[in-house]
Amino acid sequence: MGEDQLSKNEAASARQKKVEDWLPITSSRNAKWWYSAFHNVTAMVGAGVLSLPYAMSNLGWGPGVTVMIMSWVITFYTIWEMVEMHEMVPGKRFDRYHELGQHAFGEKLGLWIVVPQQLIVEVGVNIVYMVTGGKSLKKIHDLLCTDCKEIRTTFWIMIFASVHFVISHLPNFNSISGVSLAAAVMSLSYSTIAWGASVKKGVQPDVDYTFRATTSSGKVFNFMNALGDVAFAYAGHNVVLEIQATIPSTPEKPSKIPMWRGVVVAYIVVAICYFPVAFVCYYIFGNNVDDNILMSLEKPTWLIVMANSFVVIHVIGSYQIFAMPVFDMLETFLVKQMMFDPSFKLRFITRTSYVALTMFIGICIPFFGGLLGFLEDLRLPQQLTM
């Protein structure tokens, strides 16, 4: 009887190890500190930076500058806290956001508090990136082919999704490091183009810095939505623990050391990207700025085409960064709860279905600015809880 029990325990332990070696978050732990840097830049600097001038137009100069700087400082501090909490229990690593929630609130309650919010946010961000990628592709087409028949945004979102139907099958964070690095470089590039092209265009003759709305209720609504836009731009905390999980750790050199080094570099890049785009572009266009700053820029055509191309490359990487924890949760449920065997077929069906779902919802709700504020309203409770 004892030997049978021992055999069962050994078999269960072997299967557990096999599963952990297969799941995307824990299958590879050989990342370097610079992986942390560009993964965090890719997660942080995304579609949100393009809406910052629009947010400024709803906040005004005083509140806008204050909110931008305070958001940078506060999120920098909170990400430091999360890096420290990754290994705050000796001998244990909180590789996933919900594991930290379970430690704080209990095994069952922690799951119910964290997982629904995390899924809503990460799936929502992926939907936003579907819309952003599709609209940027459409913008490129419209600028390069002014005489061509207009192609609906729906089809551009489908074209953008086709890329993810392929690269979503890369197994883990480290396998998408090249995509993430390219995305991080692109984020710095198109942010620079956005404010640089605005400076070239010059302050508009009819520039106006008053609030966009004329009624009190409209001003309040736009102000709150703008707060959501700014907060969305500083997203990325939802994947911090998962990124740190890919870094090796020993008692002599815990993972928080290289992780923190990468975070510092990432936040310097974030400041270089965010503040010029928010302040310079608002100064140039005032309250006439679009909810996506690149839509306000029409010339020089080649530069705007380049910027939109950079956006497409960047949101390809960002989509993968936010999708990887979702893949991990789905695959964990299927192999641990539903007892499916880890296999390429299972992964192929799961990830293909997920990409198709985000594409379909993105096609149904292609409202860029409204999505940002709405998603941040959903994300704030999770940030405050943790």
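The structure we're discussing is the one just above.
What you see is a predicted model, and the numbers here were worked out from it, not measured in a lab.

**Comments concerning the overall build of the protein chain**
Then, in step 1: A tally of regular secondary structure across the protein chain gives 16 helices and zero strands.
Then, in step 2: At 22 Å, the protein chain has a C-alpha radius of gyration in line with the 21 Å of a compact globule built from 386 residues.
Then, in step 3: The 386 residues of the protein chain split such that 53% are buried.
Then, in step 4: Of the contacts formed within the protein chain by residues at least 6 apart in sequence, a portion of 86% connects residues at least 24 apart.
Then, in step 5: Surface summary for the protein chain: the accessible area is close to 16,900 Å², and the carbon and sulfur share equals 68%.
Then, in step 6: Taking the average location of the 28 positive side-chain charges in the protein chain and that of its 28 negative ones, the two points are 4 Å from each other.

**Notes on the packing of helix α14 (residues 301–337) against helix α15 (residues 344–364)**
Then, in step 1: Look at α14 against α15: their axes get within 10 Å of each other, and the N-to-C directions meet at 130°. For the element pair α14 / α15, the angle class is oblique. Between α14 and α15 lies a crossing whose hand is right-handed. Between α14, through Tyr319, Ala323, Met324, Val326, Phe327, Leu330, Glu331, Leu334 and Val335, and α15, the contact on the second element is made entirely by Leu346, Arg347, Thr350, Arg351, Tyr354, Val355 and Thr358.
Then, in step 2: Its residues assigned to classes, the contact of α14 with α15 shows 11 nonpolar, two polar and three charged.

**Notes on unusual backbone geometry**
Then, in step 1: The phi dihedral of Met339 falls on the positive side, at around 60°, and the residue is not glycine.
Then, in step 2: Tracing the chain through its elements places Met339 in the loop between α14 and α15.

**Here's the deal with helix α10 (residues 216–233)**
Then, in step 1: Relative to the 26 Å expected for 18 residues at 1.5 Å per residue, α10 spans 26 Å between its end C-alpha atoms, a close match to the ideal helical length.
Then, in step 2: Buried residues of α10: Gly218, Asn222, Ala226, Gly228, Asp229, Val230, Ala231, Phe232 and Ala233, and no others.

**Side note on the environment of Phe165**
Then, in step 1: Relative to the assigned elements, Phe165 resides in helix α8 (residues 153–167).
Then, in step 2: C-alpha of Phe165 to C-alpha of Phe285: the two residues are 120 residues apart in sequence and 38 Å apart in space.
Then, in step 3: Among all residues touching Phe165, those that are not within four sequence positions of it are Thr352, Val355, Ala356 and Met359.

**Topic: the environment of Ile127**
Then, in step 1: Assignment of secondary structure puts Ile127 in helix α7 (residues 107–144).
Then, in step 2: Accessibility expressed as a relative area gives 10% for Ile127, which makes it buried.
Then, in step 3: As a C-alpha pair, Ile127 and Glu87 span 40 residues in sequence and 32 Å in three-dimensional space.
Then, in step 4: Ignoring any residue separated from it by four or fewer positions in sequence, one finds Ile127 in contact with Thr358, Ile361 and Gly362.

Conventions we followed
- Residues numbered from 1 in each chain as written.
- Predicted model: local features only at pLDDT ≥ 70, side-chain atom pairs only at ≥ 80, totals over all residues.
- Heavy atoms only, no water.
- Helix = DSSP H or I, 4+ residues; strand = E, 2+ residues; numbered from the N terminus.
- Rg over C-alpha atoms; globule rule 2.2 N^0.38 Å.
- Buried < 20%, exposed > 50% of the residue type's maximum accessible area, 1.4 Å probe, protein only.
- Contact = heavy atoms within 4.5 Å.
- Areas by Shrake-Rupley, 256 points an atom, 1.4 Å probe, with all protein chains shown as cover.
- Lys, Arg positive; Asp, Glu negative; His and termini not counted.
- Charge placed at Lys NZ, Arg CZ, Asp CG, Glu CD.
- Axes fitted to C-alpha atoms, helices over the stretch in contact; angles between N-to-C directions.
- Parallel < 35°, antiparallel > 145°, perpendicular 65-115°, else oblique.
- Left-handed = near helix turned anticlockwise from the far one by under 90°.
- Nonpolar A, V, L, I, M, F, W, Y, C, P; charged D, E, K, R; others polar.
- Expected span 1.5 Å × (residues − 1).

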